[in-house]
Amino acid sequence: AQKVTQAQTEISVVEKEDVTLDCVYETRDTTYYLFWYKQPPSGELVFLIRRNSFDEQNEISGRYSWNFQKSTSSFNFTITASQVVDSAVYFCALEGSGGSNYKLTFGKGTLLTVNP
Amino acid sequence: DTEVTQTPKHLVMGMTNKKSLKCEQHMGHRAMYWYKQKAKKPPELMFVYSYEKLSINESVPSRFSPECPNSSLLNLHLHALQPEDSALYLCASSQVPTGDNLAKNIQYFGAGTRLSVL
């Protein structure tokens, strides 16, 4: 069975602070894909990043960065110099390859509130 | 263009009504999905269509009836719903995942339809 744990239910920061959202996953698949989605109050899930299990290179995109560590089964997401527009629910998700194509296993989400 | 369009944005219906949710994408994707999301919960997969054929039904009650009339459109027909069916219904699309292109299987979501059943 696959599982994604986002232990932080809610995080509140002040604008310009850095914030890290944690994601820990479990899977028996050797090939799998990890995702982060952002869901603002409008409701749409916005795709942020996809990572495959063979690529542990960290990635940076503007103020966003992701730290993938297979040794600890973690795929953490850091927002640098947070802004009010970053306020949203962030979901980490896992897709396996062993007969579970199509299916995303989502974590419960982390509600990030960035205060001015 | 990664746009998935859902209509209507909001829907209020009685338990005896029949209504439909619509989803459209023009990204050339041949896999389309319906998800249900309750407040403060992650999305839950309901149905998956692949090449316009129903591929996955996650044991969804028959009062929800999906339809994929063509490769760009996905409908969800609603009949005799219960108040507990009130939720955000999200549509998504992606390339059809195969052994060669799993890396491209990114699901793109619409903004959803907020459904209230009275």
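Presented here is an overview of the structure given in this document.

So, how was this worked out
Residues numbered from 1 in each chain as written. Chains lettered and ligands numbered in written order. Predicted model: local features only at pLDDT ≥ 70, side-chain atom pairs only at ≥ 80, totals over all residues. Heavy atoms only, no water. Helix = DSSP H or I, 4+ residues; strand = E, 2+ residues; numbered from the N terminus. Rg over C-alpha atoms; globule rule 2.2 N^0.38 Å. Buried < 20%, exposed > 50% of the residue type's maximum accessible area, 1.4 Å probe, protein only. Contact = heavy atoms within 4.5 Å. Areas by Shrake-Rupley, 256 points an atom, 1.4 Å probe, with all protein chains shown as cover. Lys, Arg positive; Asp, Glu negative; His and termini not counted. Charge placed at Lys NZ, Arg CZ, Asp CG, Glu CD. Salt bridge = Lys/Arg side-chain N within 4 Å of Asp/Glu carboxyl O. Pairing = 2+ DSSP bridges. Buried area = accessible area lost by both parts, 1.4 Å probe. Polar contact = N/O pair within 3.5 Å; in protein donor to acceptor, adjacent residues only side chain to side chain. Disulfide = S-S within 2.5 Å.

The next subject is the overall build of chain A. For chain A, the count of helices and strands is 0 helices and 12 strands. Taking 13 Å as the expected radius of gyration for a compact globule of 116 residues, we find that chain A reaches 14 Å, a close match to that expectation. Considered along the principal axes of its C-alpha atoms, chain A spans approximately 45 × 30 × 20 Å. Expressed as a percentage of its 116 residues, the buried residues of chain A come to 46%. Sequence separation of at least 24 residues holds for 56% of the intrachain contacts in chain A that already meet a minimum separation of 6. For chain A, the accessible surface area stands at approximately 5,600 Å², while carbon and sulfur atoms represent 48% of it. Each charge class in chain A was averaged separately, 10 positive and 13 negative side chains, and the resulting centres sit 5 Å apart.

Taken as a whole, this structure holds 7 salt bridges over all chains when the rule is applied. Ionic pairing is found between Lys103(A) and Glu58(B), a salt bridge with its closest N-O pair at 3.0 Å. With Lys103(A) in the loop between strand S10 (88-96) and strand S11 (105-106) and Glu58(B) in the loop between strand S6 (53-57) and strand S7 (64-70), this residue pair bridges two chains. For Glu58(B), a relative accessible area of 33% corresponds to the partly exposed category. Residues Asp85(B) and Arg63(B) are paired through a salt bridge, measuring 2.7 Å at the closest nitrogen-oxygen approach. Taken together, the residues span a long stretch of sequence, with Asp85(B) in the loop between strand S8 (73-79) and strand S9 (87-94) and Arg63(B) in the loop between S6 and S7 at a distance of 22 residues. Asp85(B) gets classed as buried once you look at its relative accessible area, which sits at 2%. What makes Arg63(B) partly exposed here is its relative accessible area of 24%.

All names here are of chain A. By the element assignment, Val114 lies in strand S12 (residues 110-115). Separated by 97 residues in sequence, Val114 and Glu17 have C-alpha atoms that sit 8.7 Å apart. Excluding residues that lie within four positions of it along the chain, Val114 makes contacts with Val13, Val14, Glu15, Ser82, Gln83, Val84, Asp86 and Ser87.

Here we come to the pairing of strand S4 (residues 31-37) of chain B. All names here are of chain B. With 7 of its 7 residues buried, S4 lies for the most part within the structure. Burial along S4 is two-sided: the residues Ala31, Tyr33, Tyr35 and Gln37 and Met32, Trp34 and Lys36 are all buried. Judged from the 7 bridges that link them, S4 and S9 form a sheet pairing that is antiparallel. Bridged to Ala31 within S9 is Ser94.

Turning our eyes to something else, we now look at the interface of chain A and chain B. The partner chain B presents 27 residues to the 21 residues of chain A that form the contact. Interface area for chain A against chain B, summed over the two sides, is near 1,900 Å², with a carbon-plus-sulfur share of 59%. Our count for the chain A to chain B interface comes out at 1 salt bridge. Our count for the contact surface shared by chain A and chain B stands at 4 residue pairs in polar contact (both at pLDDT 80 or more). The set of elements that each furnish at least two residues to the side of chain A that touches chain B consists of strand S5 (32-39), strand S6 (46-52) and S10 of chain A. A per-element tally of the side of chain A that touches chain B places S5(A) first, with 4 residues.

Here we take up the state of the cysteines. Defined simply, a disulfide is a covalent bond joining two cysteines at their sulfur atoms. All names here are of chain B. Tallied over the entire structure, the rule returns 2 disulfides over all chains. Residue pairing for Cys23: its cysteine sulfur links by disulfide to Cys91, the two sulfurs lying 1.9 Å apart. Across the disulfide from Cys23 to Cys91, rotation about the S-S bond amounts to roughly -70°, and the bridge is consequently left-handed. Of the two residues, Cys23 sits in strand S3 (residues 18-25) while Cys91 sits in strand S9, which places them 68 residues apart along the sequence. Given the relative accessible area of 2%, Cys23 is considered buried. We classify Cys91 as buried; its relative accessible area is 0%.

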